[in-house]
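One letter stands for each residue in the lines below.
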There are 2 protein chains.
Amino acid sequence: MSGDESAPRSDAMAPRQSASKPTIRNVAERAGVSKSLVSLVMRGSPHVSERRRQAVLKAARELGYRPNAVARSLVEGRTRLIGALVADLHNPFFAEFLDGLQESLHGEGLRMLVGSGRWDPLFEAEAVEAFLEMRVDGLVLLSVVPDSLQEAASSVPVVLVGERDVEGVDIVVDDDELGASLAVDHLVAHGHRRIAHIEGAPSATARYRRAGYEAAMARHGLSDQVVVEPGDFTEDGGYRAARALLTRGERPTAIFAPNDLVATGALSATDELGLRVPQDVSIIGYDNTHLAAIRHISLTSVDQPRRDMGRVAASLLCSRIEDPSREVRQELVLPHLVVRATTGPVGG
Amino acid sequence: MSGDESAPRSDAMAPRQSASKPTIRNVAERAGVSKSLVSLVMRGSPHVSERRRQAVLKAARELGYRPNAVARSLVEGRTRLIGALVADLHNPFFAEFLDGLQESLHGEGLRMLVGSGRWDPLFEAEAVEAFLEMRVDGLVLLSVVPDSLQEAASSVPVVLVGERDVEGVDIVVDDDELGASLAVDHLVAHGHRRIAHIEGAPSATARYRRAGYEAAMARHGLSDQVVVEPGDFTEDGGYRAARALLTRGERPTAIFAPNDLVATGALSATDELGLRVPQDVSIIGYDNTHLAAIRHISLTSVDQPRRDMGRVAASLLCSRIEDPSREVRQELVLPHLVVRATTGPVGG
DNA sequence: CAAATAAATGCGACCGTTACCCGTTACCCT
DNA sequence: AGGGTAACGGGTAACGGTCGCATTTATTTG
């Protein structure tokens, strides 16, 4: 008990800074320097003497100072934030893509904000608007083409993922035609001829996968065997479509599904009909999500290099940020086939 | 070069506003009003005449004006942003929780930023730090307890999800003991006695689920039948643990897994050992993720009300934001059982 | 040792908003 | 006619930083 506590000297008079967060000014005051110097130290400038740097760092530590990114963004005119909008967070494909994106952005000193459009165009437009108001430095749109796209693209760099045939923005897509072709080639190599395709919900992706399927069939002289069953991207859709395909005359010996979820639906249909996989019917999915990897499913699937796609999207974005006027690019990434237990020689 | 003044002065001197984004001043100028009025209109103040409001809105539209959230946040001292940090985006449980959270936050005029900790404590701490620098108004930590938690909690409201026994922060958890009990009761009702449990990776969640399992077994007078196999939360872990359980003497007739992924791993093990589900062995998961709902898996599982949890987290956060000093709360949400095809009477 | 040069630091104008205050106008109501 | 009120203009002070430039201090040079 020294007399310390009885002497509320300058402390009591000082502006309360314990309640609200300490600012650069508080740090400067405490370290006995100007706020400019604190700013320099915080940004790691080399033009600061070691003595002052330590003093500033010490003061900052003691005060629990944290630079205010809001204020910094305002004066710098940029936020170092990238908005990523996905149709929904549940799709494992999106999650892995976001991982790749985040990783690459991190290397560039950028941070990623994730928004979910929840398959609702209104919600998507609103999310884009919010990102724009936040003054993100760039936007990555995944399986989402909000009506406000053009407007957004005019005020900030935008990269579109998984869509095509959209003008004026950078795009990164999987080569769906090639992917479909890989699937068909694999099945043909196993002696399959009656290979049916379930088509995904109307979208560029579904269109290109179907086109790739048809082209590959034609290349193998199997154009007359082409069967396309309409469907969507859900498990239930896959179940229904597969049921329809397998209960008609001339049952196909193989089914190429537009994604893994649909393929698992098809798997359920074969279960129910008492058909063995792959002996009676081979099934092949697309995306190679974690679903496909589950042993109990063990689905042969076309893998999209999601992480690569994330990386490519990041690099497109960065290059456009530094040169907003460069011509638009469309980057195609290459899929490959992952063979598991749902495909095999025809007849087992 | 004295001819300078002959240059097209007014143009060259005028501030460029076509290049950079229009500000509130430009709008005011164009609408022929003061910037204060524009500010009022933008914030939807009722003290503005309809005529002026329309004029301002029109000018804003023509200019493509978008309020600058950065500047607004700076002066208001808050961002209306909530940071949500999840261990990884792949876990479907997290995705659904985030949906519920986003929905509720949206109703409060708050926006959600998602960050991924990627199971790396360093990355998690960094993400928290970034959120704090961004001056988020609140933080939701999901299956993540960064070392920096205490520091974070002292500078911003924090809600913890899926963890317990952490002091000084609001918490929302599923009643894991009850969930485990539901699973055991269901199995006992089907005549099972030798019910084994695979334990998840060390965590509060795994601990409570195990405790619930043991308590329920005791309640049914089956304490001597308790078998706990160590494991983790992965599919592979489930596969290995189930294999071990099913190849020992005194094979259990039912397995209670700590989550759905582990349950699917167990399913693979039964496949491989030629055991039928549920005739030879019943399997029950936890979380009721979309995995469980897939027909081909059709897993009986304990459902956590994820959306409710998101909602509760949002409400905890909001109430703490408006009263930072209120006492901490721990909200328990109630799980329920979803019966599917992997459980049935013992012996078929 | 003074002068020149370089390095370290302080000063103050911004960035785009909000939130005041005060003065002015126009209109409405007894 | 007078007084109250709602709508608006214009000004100014924040908010917490960054950055160019002026100023001080340290170091080298002739």
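Residues numbered from 1 in each chain as written. Chains lettered and ligands numbered in written order. Predicted model: local features only at pLDDT ≥ 70, side-chain atom pairs only at ≥ 80, totals over all residues.

How should the interface of chain A and chain B be read in this particular structure?
Bring the parts together and some accessible area is lost; that lost area is often taken as the interface size. Contacts between chain A and chain B engage 40 residues on the former and 40 residues on the latter. Elements supplying a minimum of two residues to the side of chain A that touches chain B: helix H5 (69-76), helix H6 (92-107), strand E2 (111-116), helix H7 (121-133), helix H11 (235-246) and helix H12 (260-273) of chain A. Ranked by residue count, the leading element in the side of chain A that touches chain B is H6 of chain A, at six residues. Grouping the amino acids of the side of chain A that touches chain B by side-chain chemistry returns 18 nonpolar, 12 polar and 10 charged. (Contact = placed C-beta atoms within 7 Å. Helix = DSSP H or I, 4+ residues; strand = E, 2+ residues; numbered from the N terminus. Nonpolar A, V, L, I, M, F, W, Y, C, P; charged D, E, K, R; others polar.)

Sorry if this is basic, but what is going on with the nonpolar core here?
Inside soluble globular proteins, nonpolar side chains tend to come together where they are buried. If you look at the biggest cluster of nonpolar residues, it comprises 98 residues, and the most contacted ones within it are Ala84, Val140 and Ala313 of chain A together with Ala84, Val140 and Ala313 of chain B. Those residues in contact with alanine 313 of chain B that sit more than four places away from it in its chain are Leu101, Val140, Val159, Val161 and Val172 of chain B. (Core = buried A, V, L, I, M, F, W, Y, C linked by C-beta atoms within 7 Å. Buried ≥ 20, exposed ≤ 12 C-beta atoms within 10 Å, placed from the backbone.)

Explain the protein's contact with DNA strand D here, please?
Within the structure, DNA strand D sits among 26 residues, and Ile24 and Ser39 of chain A together with Val33, Ser49 and Arg52 of chain B are positioned closest to it. Looking at which element gives the most residues to the surface near DNA strand D, the answer is H5 of chain A, with five residues. Partitioning the surface near DNA strand D into residue classes produces 11 nonpolar, nine polar and six charged. (Near = placed C-beta within 6 Å.)

Hey, could you run me through helix H3 (residues 35-42) of chain B in this one?
In an α-helix, one turn spans 3.6 residues, which is why side chains three or four residues apart end up on the same side. Residue and element names in this part refer to chain B. Regarding H3, the residues found buried are Leu37, Val38 and Val41. The buried residues of H3 occupy one face: seen down the axis, they fall within an arc of 100°. Just downstream of H3 lies glycine 44, where phi reads positive at about 70°. (Arc of directions from axis to C-beta.)

Looking at this model, I keep getting lost on the sheet that holds strand E1 (residues 81-86) of chain B. Mind explaining?
All names here are of chain B. As summarised here, the arrangement of the six strands in space is E2-E1-E3-E4-E5-E11, forming an open sheet in which the pairing is parallel. Looking at the sheet topology across the chains shown, the edges are occupied by strand E2 (111-116) and strand E11 (330-333). Across the sheet, the mean angle separating the axes of adjacent strands is 20° when strand polarity is ignored. Two strands pair when backbone bridges link them, and strand E5 (residues 170-174) and E11 are joined in this way by four bridges, in the parallel orientation. Across the sheet, residue isoleucine 171 finds its bridge partner in E11, namely glutamine 330. Against the sheet, helix H7 (residues 121-133) contacts E1, E2 and strand E3 (138-142), and its axis sits at roughly 180° relative to E1. (Pairing = 2+ DSSP bridges. Axes fitted to C-alpha atoms, helices over the stretch in contact; angles between N-to-C directions.)

Explanation requested: the protein's contact with DNA strand C in the structure shown.
Contacts to DNA strand C come from 25 residues, most closely from Ser34 and Ser36 of chain A together with Ile24, Ser39 and Ala71 of chain B. Within the residue set of the surface near DNA strand C, elements represented by two or more residues are helix H3 (35-42) and H5 of chain A together with H3 and helix H5 (69-76) of chain B. When grouped by side-chain class, the residues that make up the surface near DNA strand C number 11 nonpolar, eight polar and six charged.

Teacher, can you tell me more about the confidence of the model for chain A here?
Interpretation of this model should avoid reading the predicted coordinates in detail wherever pLDDT is low. Overall, the prediction assigns chain A a mean pLDDT of 89, with 95% of residues at 70 or greater. For residues 1-18 of chain A, every residue scores under 50 in pLDDT, and the model assigns this stretch two contacts once sequence neighbours within four places are set aside. (pLDDT = per-residue confidence, 0-100.)

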